[in-house]
Amino acid sequence: MSTTLPSHVDALVIGAGAAGLFYAAQFGARGRSVLVLDHARKPAEKVRISGGGRCNFTNMETEAARFISQNPHFAKSALARYTPWDFCDLMSRHGLTWHEKTLGQLFCDQKSGAIIQMLLDELDAAGGQLRLETDIKAVSRADEGFKIKTSAGSVTAGRLVIASGGLSIPKMGATGFAYDIARQFDLNIIEPRPALVPFTFEGAEKDAFAAISGVACNVRAEAGGASFDEAALFTHRGLSGPAILQVSSYWSPGEAVSLDLFAGGDGAAVLQALKADNPMKSLASALEVVLPRRLVEMLQGRGLVPDLPRLADVSHARLEDVAQGLSHWQVKPAGTEGYRTAEVTAGGIDTAELSSKTMEFQRVPGLYFIGECVDVTGWLGGYNFQWAWASAHAAAHSD
Ligand SMILES: Cc1cc2nc3c(=O)[nH]c(=O)nc-3n(C[C@H](O)[C@H](O)[C@H](O)COP(=O)(O)OP(=O)(O)OC[C@H]3O[C@@H](n4cnc5c(N)ncnc54)[C@H](O)[C@@H]3O)c2cc1C
């Protein structure tokens, strides 16, 4: 790898993550010169750690409704033009294989490093260049493009592509660089916030959850008008698990989260069936058939499972009452674990002035924003990488 930067490239990409590397490979393959700069020591570290090391690289159920944005239509065009199957084709060409884990989530059979290698091989084949450990000092407009001052010298570029991600996991090199560039060019930012993130609690709730740390159960979690049927996990700090991470993206501070411990099922019918099968048992011990014992004990302590020693003696109305409580359990998070553990950053570059066809900032031709820095945030399950691929593809194929 040479240490001097080229004096000019057709496109300069800032951020060698999923979106930046994929963009550069696609744009380079069109016969254009492209350089990717990153301040980190290694490229695409989030790909490496994703999906427990197997990268959940896409989701077969991809559609715009699985993304959160001020403009719910914005992602449609890019997602339609680069689909999960397009990325699977690319993986096949590189001899990589995959499997569906659950809910349309596709994971790599190989380690996630194989996907990084694929992206680097694609970049190389397209004649693109990558420079790591390079700090960006300043960005300015230049004749027919941009001038970028870096710790390794200056370079001019016809296009400047911001692919520097969001604020999640600062320990891994996340910065607000994209937002700084947006501010510099007077482009609006939708207030960034941690998303796909565990909730924290205080006081009695925190103590109660910590006491059963490690217990998981299927729930329907509801907040901000969205609901998800998946597992919730009690932790030392509060609540995590897929259902919780999903609703965290819709949650607003101060809001309660509603947990249905029957996961959308008919709670009253479940309790009636338990009564029929276990007339001599207490409610608490009968409930252990459908809920973890330690959770039932905790719910007893919180008054949600009353002391009813013989189910045979409990009226229909009373069981309906209990079912109501267990299917509308309101818990009030004190907050979230924040960017320290958030899988993504919601909010970001306002799509209002970006072209949905090309990701270009319409008031500053040649300036593009792709990937997580844009105000398009996917659900848990491969959607965020699919957005990285699709938005990069859309930008790379703009004339
Ligand atoms: C633990 C974890 C697990 C995840 N698992 C999944 C998963 O399985 N499936 C899924 O779809 N999504 C997953 N995600 C989300 C996914 O990783 C991101 O949405 C995706 O990586 C975003 O791609 P990006 O290229 O836009 O940004 P990033 O991957 O964040 O890349 C941005 C790059 O820009 C560089 N950069 C930042 N600031 C600067 C600067 N000032 N100067 C130079 N370079 C800079 C960074 O070093 C980085 O290399 C996970 C995230 C985390 C944290």
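Residues numbered from 1 in each chain as written. Predicted model: local features only at pLDDT ≥ 70, side-chain atom pairs only at ≥ 80, totals over all residues.

### Details of the overall build of the protein
Turning to step 1, where the next piece is worked out: Within the protein, the secondary structure is distributed over 13 helices and 21 strands.
Turning to step 2, where the next piece is worked out: In terms of principal-axis extent, the alpha carbons of the protein reach across some 85 × 40 × 35 Å.
Turning to step 3, where the next piece is worked out: Within the protein, buried positions represent 48% of all 399 residues.
Turning to step 4, where the next piece is worked out: Residue pairs at least 24 apart in sequence account for 72% of intrachain contacts in the protein once pairs closer than 6 positions are excluded. (Helix = DSSP H or I, 4+ residues; strand = E, 2+ residues; numbered from the N terminus. Buried ≥ 20, exposed ≤ 12 C-beta atoms within 10 Å, placed from the backbone. Contact = placed C-beta atoms within 7 Å.)

### Side note on the packing of helix α9 (residues 267-277) against helix α12 (residues 316-327)
Turning to step 1, where the next piece is worked out: Put simply, α9 and α12 touch, their axes get as near as 8 Å, and they point 130° apart. As summarised for this structure, α9 and α12 are arranged oblique, according to the angle between their axes. In the packing of α9 onto α12, the handedness of the crossing is right-handed. Of the residues in α12, those in contact with Gly267, Ala268, Leu271, Gln272 and Lys275 of α9 are Leu319, Glu320, Val322, Ala323, Leu326 and Ser327. (Axes fitted to C-alpha atoms, helices over the stretch in contact; angles between N-to-C directions. Parallel < 35°, antiparallel > 145°, perpendicular 65-115°, else oblique. Left-handed = near helix turned anticlockwise from the far one by under 90°.)

### Observations regarding the environment of Trp98
Turning to step 1, where the next piece is worked out: One can find Trp98 in strand β5 (residues 98-100).
Turning to step 2, where the next piece is worked out: C-beta crowding within 10 Å serves as the criterion here: with 21 such atoms nearby, Trp98 is assigned to the buried category.
Turning to step 3, where the next piece is worked out: Considered as a pair, Trp98 and Cys55 are 43 residues apart in the sequence and their alpha carbons are 9.8 Å apart.
Turning to step 4, where the next piece is worked out: Ignoring sequence-local partners within four residues, the contact set of Trp98 consists of Cys88, Met91, Leu106, Phe107, Cys108 and Asp109.

### Comments concerning the domain arrangement of the protein
Turning to step 1, where the next piece is worked out: The assigned domain composition of the protein is domain 1 (8-194 + 344-396) and domain 2 (199-336).
Turning to step 2, where the next piece is worked out: At the interface, 6 residues of domain 1 touch 5 residues of domain 2.
Turning to step 3, where the next piece is worked out: Residues that form the side of domain 1 that touches domain 2 fall into these classes: 5 nonpolar, 1 polar and no charged. (Domains from an automatic or database assignment. Nonpolar A, V, L, I, M, F, W, Y, C, P; charged D, E, K, R; others polar.)

### Here's the deal with the site of the ligand
Turning to step 1, where the next piece is worked out: Taken together, the neighbourhood of the ligand is formed by 35 residues, with Gly15, Gly17, Ser50, Gly165 and Gly371 sitting nearest.
Turning to step 2, where the next piece is worked out: Every element with two or more residues in the shell around the ligand is listed here: α1 (18-28), α2 (45-49) and α13 (383-396).
Turning to step 3, where the next piece is worked out: In terms of residue class, the shell around the ligand is made up of 16 nonpolar, 15 polar and 4 charged. (Near = placed C-beta within 6 Å.)

### Brief notes about the pairing of strand β13 (residues 216-223)
Turning to step 1, where the next piece is worked out: In this sheet, strand β14 (residues 226-234) lies alongside β13 in antiparallel orientation, the contact comprising 8 bridges. Directly across from Val219, in β14, lies its bridge partner Glu230.
Turning to step 2, where the next piece is worked out: Where β13 folds back onto β14 in an antiparallel hairpin, the turn is made up of 2 residues, including Gly224, whose phi is positive at roughly 55°. (Pairing = 2+ DSSP bridges.)

### Overview of the sheet that holds strand β3 (residues 56-59)
Strands pair in a sheet through their backbones, by hydrogen bonds, and they do so in one of two ways: parallel or antiparallel.
Turning to step 1, where the next piece is worked out: Spatially, 3 strands are ordered β3-β6-β5 in an open sheet, and the strand pairing comes out antiparallel. Unpaired on one side and paired on the other, β3 and β5 mark the two borders of the sheet. Each strand axis lies, on average, 30° off the axis of its neighbour in the sheet, ignoring direction.

### Regarding the environment of Leu167
Turning to step 1, where the next piece is worked out: For Leu167, the position within the fold is in the loop between β10 (153-162) and α6 (177-184).
Turning to step 2, where the next piece is worked out: Residue class for Leu167 comes out buried when judged on the 22 C-beta atoms lying within 10 Å of it.
Turning to step 3, where the next piece is worked out: Taking C-alpha positions, Leu167 is 8.0 Å from Pro192, a pair spaced 25 residues apart along the chain.
Turning to step 4, where the next piece is worked out: With residues up to four places along the chain from it excluded, the contact list for Leu167 reads Ala174, Gly176, Pro192, Tyr339 and Thr345.

### A word on α9
Turning to step 1, where the next piece is worked out: Taken as a whole, α9 has its buried residues at Gly267, Val270, Leu271, Leu274 and Lys275. The buried residues of α9 occupy an angular sector of 140° when the element is viewed end-on, so they sit on one face. For α9, the exposed residues set more than 90 degrees away from the buried face come down to Ala276 and Asp277. (Arc of directions from axis to C-beta.)

### A word on the environment of Leu160
Turning to step 1, where the next piece is worked out: Summarising the element assignment, Leu160 is placed in strand β10.
Turning to step 2, where the next piece is worked out: With 24 C-beta atoms counted inside 10 Å, the residue Leu160 sits in the buried group.
Turning to step 3, where the next piece is worked out: Sequence separation between Leu160 and Ala178 is 18 residues; the distance between their C-alpha atoms is 11 Å.
Turning to step 4, where the next piece is worked out: Excluding anything up to four places from it in sequence, Leu160 contacts Leu12, Val139, Phe146, Gly366 and Leu367.

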